[in-house]
Structures are given as structure tokens and as C-alpha cells.
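Below, each chain spelled out in residue letters.
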Amino acid sequence: MKEKIKNWLGVTRDEYTRNFVYNSNMRASIYMSVVVICLELWMIYTLTDTILNGGKERTFQWMVDHYAWYVVLLTMGIIMLIFAIQHFRKGKKFRWTGVALLWIFSIVCIVFGMHFGLNSYVKNEQILAFLTMVIFVFCILTWKPLSSFLFSVVTFGGFFWLMLNQTEIEMTQGNSINLLTMWISTFMVALAAYQGRRSEASKTEDLEKMNAHLRKISMEDNLTGIGNMNKFREDVPERLTQNNTRDPWMVLFLNCSNFKSYNERYGFPGGDELLKKLAAMLTEVFEGDPVARVSDDHFVVLTHRSQAQERVDKAVEGIRELRGDVRMHLKVGGYAVSPGCGVDLACDRARVAADSIKKMSDRHYREYDHELEEQFKLKQYVINNIDAAIEKGYIRVFYQPVVKCSDGSKDLCGLEALARWDDPEHGLLPPYMFIDTLEEYREIYKLDRCIIQQVCRDLRHDLDERRDVVPVSLNFSRLDFELYNVPQYLKEMCMLYDIPPELLDVEITESALTDTLGILQENMSVLRSGHYSLWLDDFGSGYSSLNVLKDFNFNVLKIDMKFLHDFPKNTKSVPILTMIVSLAKQLDMVTLTEGVETEEQYRFLQSIGCDKAQGYLFGKPMPKEELMTKTFGNG
Ligand code: C2E
Ligand code: CA
Ligand code: CA
């Protein structure tokens, strides 16, 4: 209640309303002073004209008196106008000077009005000058209720006193009542104007607060509290314009590799805590630079090139302290930006640079260079052209032979279908140039379905030609199982080309077996009941190969070619391969070793009982026609 009364009287310390009223007064004073200036110029002109044309007889004192008043008001109007214009042009400084000026201007106007109003009153004319100034001051400007009350009381009281004491005219009851009514009306108008302004101010304040809140939300990462990508997009162009040195700005993209394992080890709350600490650490390391979280464990920073490497090293050190016992590394990519360069594009390229060192354990930082530029272009090319490539037959199947090993015969017992993109512009592209990109953009299923169809067509062709056929193994991406019904599609193709499912083997790489456990297990059991042979590809390439053996049922174990690297120099590979083959036998699995390049390797694999082998020793991946001539003779 007390607060309401205070509000009503305008005696609260409400800074927003105070500023709002002050600004609206400054705006009003522009109109007011322009009117005053025009009016006084005109008065000075008519007065001068009257004198020059020898108008009515006037005393010298009279002229000086009038000139003085006009000039004072004119000067006051000009000062007020200049100050008010400056207030809006140069920012809202010198508030107290402004308030003082408004008061002085108002008082001068009122005193002017009283003076000339009284002159008219004496001559029995209307007191228009007084009334005009009262309207000017109390109705155009906005006053706090208490101020307007006191000021109007002094104004009207003063005028009343002057009428009583400075003139010979007797004050009539009518005049007193008129003056009283005028005062009450003026005060009411001033009061209403103030209340109107106050409610306007509070609405604007609410709106501004809401806007500020919304802006904050849209600019802030709600987990870590640092800026988000919107904020970064706003910060970067601003910083770029400040660059006056020869040291270019770099956008850095920071990615914590293996963050998933941290989440698995410490749970999501633990992961969230780490992200908060990471954000704080990065803000400290890149002090003064814009730092933002893009998503997950991805951050972006804008810093100077000269400082980039040193600060990245500090951040890498910082992560080592925060990561606990999880092997997590920081991978940072940098892209030199210039004004006018799109922020998203810069982040994208920095990300490409960061991704390019993902698998290099000893490297933490790479700048986007020409080589990456070429890769980036190729990536765009792949994404933009995959549909056309399939349609125009640029996607081709190459076959690599799989041979018998344990009996030492090297007889052909299977083929692996490997994709090639035979592009008229870029030449023959190997899978590493397009598979990852297609997976990233979830378009891999298009390629795989195309390969399946071609393999079935080739098999049909061979069967029709009454050639001997061997099973063909097909590579599947984890995403295939998410994006379409693999068993259903295989069934459709087998029916369309009349192929027995025993001729198709399904290779699923070990790294695909991590997350979508449910979907994969389901698909695998359908495939098994459909008589397809299931192959575990690249066994031993991941961290939890033995768990995979425990959780999934495969028919064939394809041992990763890394075990044959440096064979037989690397003495460890001998017992490891021996152990894997023997373990697979115990689990009733057929074994196949990839990457066999020498006779020595083949003999060794034979000696440990490995069932099958695949590698350059028996043949590189090749087109169907070449395979015909090499393996089966001319058909
Ligand atoms: P992968 O399934 O492990 O295929 C074996 C890769 O090893 C092939 O590479 C093959 O050319 C290569 N290779 C075979 N023998 C030897 C050897 O003796 N020494 C060496 N150094 N390399 C050998 P390629 O054809 O470049 O394929 C690479 C990967 O691309 C494949 O690895 C597979 O993961 C993927 N891929 C290929 N075709 C397809 C496809 O149609 N669909 C999907 N989803 N992935 C495919
Ligand atoms: Ca494979
Ligand atoms: Ca493989």
C-alpha cells in the first residue's frame, strides 16, 4: 500500500521510470524549444519592424524590457534544443545537467508567461501568455506528481499574488475561481500525463526484461553457461573488424575424442559435470577470446594464430587433468578467418581439420590446409553426386578372392564384394574416399543396396551361364540396419534374381556392434533363420573384441589384417593369431585372415589351422571381367 502511494506520488527510486520520463522530456523539449525559438524570432522581428517603421510610441525602457525577455527566452530555447539533440545523438550522458536545464527552461518560460500575462491583465486583456507557458511547461513536459504539485502551486500562487499586489485592479471572485480551476485542471493533466508515462515505462521495462531474458537464453549454452553457436556467430564478425595486426584470427574447433567412454564410465551426470569443467577450463585458457559450445563435446573458439598452438597445448594439458582414468584426447582444428568469411563455414572447415587427426594419437592440432580443402571438395562432390553416380552406373563392384587355407590348396572358396566409384571426373575412387562421407550423411544405404543388387545380378548371370559360383560376402554399415530392413531387402533381391541365400554372406564390422545392440541382434537372428552366413569383419580392430564374441553369434570370424603387419618380425602376432584361431574353433566359428600378402604368411596361417585367407597374394579386388580371366579362365 505504502509502495503504491509512493509510486503514485512518484517518489520511489525507480531508475527505469526516471530514465524513461527523462528521455520523454528531452524529446518533448525539442518540440517545445523549436516552437519557442520560432515564436521569439517572430516577436523580435515584429518588434524591430514596429520600431523601424515608427509604429506606436514606445518608451526606450519598454523596448529594452521586451527585447531582453525575447532574447533570454530565445537563448534558453537554443541551449535546450542543442542539449536535447546531443542527448539523442551522442548517448545519454550528463543527466543532471539535463534535469537542471529542463528546470531552468521551464522556470524561464513560466516567469515569461507571468510577466507578459500580468501586462495583459493590467490592460484588461486575456492572460494568454501566462496560459500558453503553463500549457507548455505542465502539459508538454512530464513532471513527477509531487514536483508538478509544488511547481504549479508556486506558479499559480505566484501569479495570483502578482495580480493581487502588483496591479491596481481589484481581484474579482470570478477571476479567483477561474485561476483556481485552471490550476486544478493543469495539475490533473500533469498528473494524468505522469501516470500514463509510468505505466508505459513499466510495460516497456517488462518487455525489455523479457527480450533480454530471451536473448540470454538464445545465446547461452544451458549446460555449461558459456556462449552457444548463436553467440559465436554474433561475436566473430565483431572481433574480425577489430583486427589491426598482421596476426590473423583463427576459428578453432575442439573435439574431445572418446567422450562416449567417459559417459559410459561415469554416467551422464558425470559427463555433464566434465563438460562444465571443460567449458570453464577453455574459458580460462582462451581468456578474452570468444568460446562457445556447439554440441555434445564440441567447442569453438576464436583466437589469434600466433597464440593458437600454445593455447591448444594448454587445453590438451587441461584435459589430461580432468579426464580421470578414461583415455580421452583433445583434437583441435584451426581455420584462418577473414572479415566476410561465414562463421559456419569457418567452423565446418576447422572441424574437418580436427576430424582429420582423430585417429592420430600423437597429434592434437591441425590447421585447415590445401590437402583438406581437396578432401572437403571431394566430400561435397560425393554427397551431391551419389544419386547420379548410382543412376549412371558409376558405382561398381570389385571382387576380391577368398581362398582355402587349412588344406593348403588355395582354392577359391568365396569372393568379397568391394565398392568402387568409377567417376568420369575423378577417376576410380576407392571406398575410403566416399564410405565415411556417406555414413556421416546417412546415405550409405543407397550404395550398399546398389552393391547388393549388382552382386545378385552378377550371380544370376553366372548361374545362367552355368559357371561355378562361390558365395559372395557383402559389407554392411551399422547404419544399414537403422535405415532400412536389411533382411527384407536381401530376400527381395534373392527372389528377384532367384539366388539361394547361401550364396550371400553378410559382413558386419566389429566397430558397428557397439551401440545399436537391440536392432542388430534382431536383424542378425532374422538373417540367420534366412540361411545367410554371418561374418564378423575386422575382428581385433576394436577395444572389446572378446565381448563381441560373447554377445553375438557369428558363423565366420574375419581376423583383421593388422595382425599380419610386420609378420614375422613382430613376434607377438604369432601367439595372438594362434590363440584367436583356436578360440574361434572352440566357439564353432570358421576363421578367415585378411591381408595375406606373402607365401610365408599363408604357410603360417595354414600351420595354425586358419580355414580361409584373403589378400593380395591371391588377388587384389578386381572387376568381374578380370576375375573371370584370372580365376576361372575365360569362363
Ligand atoms: P574391408 O571390408 O576390411 O575390406 C578389405 C579391404 O582390405 C579392402 O579395401 C581390400 O582392398 C583391402 N585388402 C585386401 N587384401 C589386402 C592386402 O593383402 N593388403 C592390403 N594392404 N589391403 C588389402 P577397400 O576395397 O579399399 O575397402 C576398404 C573398406 O571399405 C572395406 O574394408 C570396407 O569396410 C569398406 N567397404 C568396401 N566396400 C563397401 C561396401 O560396398 N559397403 C560398405 N558399407 N563398406 C564397404
Ligand atoms: Ca569386409
Ligand atoms: Ca576387413
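Quick look at the structure, then.

Observations concerning the overall build of the protein
In terms of regular secondary structure, the protein is built from 21 helices and 15 strands. Seen through its principal axes, the protein has C-alpha atoms that stretch 140 × 50 × 50 Å. Each of the 635 residues in the protein was classed as buried or not, and the buried ones make up 46%. Where the 71 positive side-chain charges of the protein centre and where its 83 negative ones centre are 6 Å apart.

Notes on the coordination of the calcium ion (ligand 2)
The calcium ion (ligand 2) binds to the protein through Glu416 (OE), Asn475 (OD1), Glu507 (OE) and Asp537 (OD); the donor distances cover 2.1 to 2.3 Å. Distance-wise, the calcium ion (ligand 3) is placed 3.9 Å from the calcium ion (ligand 2), both being coordinated by Asp537. Taken together, the positions of Asn475 in strand β9 (residues 472-476) and Glu507 in strand β10 (residues 504-509) put the pair 32 residues apart, joining distant regions of the chain. Look at Asn475 and you get partly exposed, because its relative accessible area is 26%.

Overview of the coordination of the calcium ion (ligand 3)
When four donors bind a metal tetrahedrally, each ideal donor-metal-donor angle is 109.5 degrees, and when six bind octahedrally, the ideal angles are 90 or 180 degrees. Protein coordination at the calcium ion (ligand 3) comes from Asp537 (OD), Asp538 (OD), Glu594 (OE) and Glu594 (OE), with a distance range of 2.2 to 2.4 Å. Given a relative accessible area of 22%, Asp538 falls into the partly exposed group. Accessibility expressed as a relative area gives 7% for Glu594, which makes it buried.

Focus on unusual backbone geometry
Phe567 connects to Pro568 through a cis peptide bond whose omega is 0°. Tracing the backbone shows Pro568 in the loop between β12 (556-559) and α19 (573-586). Phi is positive for Arg466, which is not a glycine, with a value near 60°. Take Arg466: it is sitting in the loop between α14 (444-464) and β9. Positive phi outside glycine occurs at His531, with the angle close to 70°. With respect to the helices, strands and loops of the structure, His531 is situated in the loop between α17 (517-529) and β11 (533-539).

Some remarks on α19
The terminal C-alpha atoms of α19, which comprises 14 residues, lie 20 Å apart, in line with the 20 Å expected from a rise of 1.5 Å per residue. Residues of α19 that are buried include every one of Ser573, Leu577, Ile580, Val581 and Ala584, and no others. Projected down its long axis, α19 shows its buried positions confined to an angular sector of 95°, all on one face. Buried positions along α19 lie against β11, β12, β13 (590-593) and α20 (599-607). Positive backbone phi, at 65°, marks Asp588, one or two positions downstream of α19.

Details of the sheet that holds strand β2 (residues 291-295)
Pairing is mixed in the open sheet, where five strands are placed in the order β2-β3-β1-β4-β5. A strand with exactly one partner marks an edge of an open sheet, and here the two such strands are β2 and β5 (365-367). Shown here is a sheet whose adjacent strand axes are inclined to one another by a mean of 25°, direction ignored. Looking at chain direction, strand β1 (residues 249-257) and strand β4 (residues 329-337) are connected through nine bridges and run antiparallel. Counted as the bridge partner of Val251 is Tyr335 from β4.

Notes on the packing of helix α11 (residues 343-355) against helix α12 (residues 370-391)
One can describe the packing of α11 onto α12 by two numbers: an axis separation of 10 Å at closest approach and a directional angle of 110°. Considering their axes alone, α11 and α12 lie roughly perpendicular with respect to each other. Here Asp348, Arg349, Val352 and Ala353 of α11 lie close against α12, whose contacting residues are Leu372, Glu373 and Phe376. Classifying every residue of the contact of α11 with α12 gives four nonpolar, no polar and three charged.

Points about the packing of aromatic side chains
The geometry of an aromatic ring pair is captured by two quantities: the separation of the ring centres and the angle between the planes. All told, the structure shown has 27 aromatic pairs when counted by the stated rule. Ring geometry for Tyr70 versus Phe116: centroids 6.0 Å apart, planes at 15°, classification stacked. Of this pair, Tyr70 sits in helix α3 (residues 60-89) while Phe116 is found in helix α4 (residues 95-122), placing the two residues 46 residues apart along the sequence. Judged by centre distance (5.2 Å) and plane angle (45°), the ring pair of Trp103 and Phe151 falls under tilted. With Trp103 in helix α4 and Phe151 in helix α6 (residues 145-165), this pair connects stretches of sequence that are 48 residues apart. On the accessibility criterion, Trp103 (31% relative accessible area) is partly exposed. Put simply, the rings of Trp69, Tyr70, Phe112 and Phe116 touch in pairs and so form one group of aromatic residues. Lying across the ring of Trp96, Arg95 places its NZ or CZ 5.6 Å from the centre. Of note, Arg449 hangs over the ring of Tyr484, and the distance from its end group to the ring centre comes to 4.8 Å.

Observations concerning the site of ligand 1
Near ligand 1 you find 22 residues, and of these Gln400, Arg420, Asp448, Glu597 and Tyr616 are the closest. Asn475 places a side-chain nitrogen or oxygen 3.1 Å from an oxygen atom of ligand 1. Here Asp538 contributes a side-chain N or O atom positioned 3.3 Å from an oxygen atom of ligand 1. Surface burial for ligand 1 is 80%, taken as the share of its 790 Å² of free accessible area covered by protein chains. Of all the elements in the fold, those that place two or more residues in the shell around ligand 1 are β7 (412-423), α14 and β11. For the shell around ligand 1, a count of residues per class yields 10 nonpolar, five polar and seven charged.

So, the pattern of salt bridges
Counting across every chain of the model gives 37 salt bridges. For Asp387, the salt bridge goes to Lys446, with nearest N and O atoms at 3.0 Å. With a gap of 59 residues between them, Asp387 in helix α12 and Lys446 in helix α14 connect regions that are remote in the sequence. Since its relative accessible area comes to 42%, Asp387 is described here as partly exposed. Its salt-bridge partner being Arg396, residue Glu625 comes within 3.7 Å of it at the nearest N-O pair. With Glu625 in helix α21 (residues 624-631) and Arg396 in strand β6 (residues 395-404), the pair connects residues that are 229 residues apart, well separated along the chain.

What counts and how
- Residues numbered from 1 in each chain as written.
- Chains lettered and ligands numbered in written order.
- Predicted model: local features only at pLDDT ≥ 70, side-chain atom pairs only at ≥ 80, totals over all residues.
- Heavy atoms only, no water.
- Helix = DSSP H or I, 4+ residues; strand = E, 2+ residues; numbered from the N terminus.
- Buried < 20%, exposed > 50% of the residue type's maximum accessible area, 1.4 Å probe, protein only.
- Lys, Arg positive; Asp, Glu negative; His and termini not counted.
- Charge placed at Lys NZ, Arg CZ, Asp CG, Glu CD.
- Donors = N, O, S within 2.8 Å, 3.2 Å for Na, K, Ca; no water.
- Expected span 1.5 Å × (residues − 1).
- Arc of directions from axis to C-beta.
- Contact = heavy atoms within 4.5 Å.
- Pairing = 2+ DSSP bridges.
- Axes fitted to C-alpha atoms, helices over the stretch in contact; angles between N-to-C directions.
- Parallel < 35°, antiparallel > 145°, perpendicular 65-115°, else oblique.
- Nonpolar A, V, L, I, M, F, W, Y, C, P; charged D, E, K, R; others polar.
- Phe/Tyr/Trp six-rings, centres within 6.5 Å; stacked < 30°, edge-to-face > 60°.
- Lys NZ or Arg CZ within 6 Å of the ring centre and 35° of its normal.
- Near = heavy atom within 4 Å.
- Polar contact = N/O pair within 3.5 Å; in protein donor to acceptor, adjacent residues only side chain to side chain.
- Areas by Shrake-Rupley, 256 points an atom, 1.4 Å probe, with all protein chains shown as cover.
- Salt bridge = Lys/Arg side-chain N within 4 Å of Asp/Glu carboxyl O.

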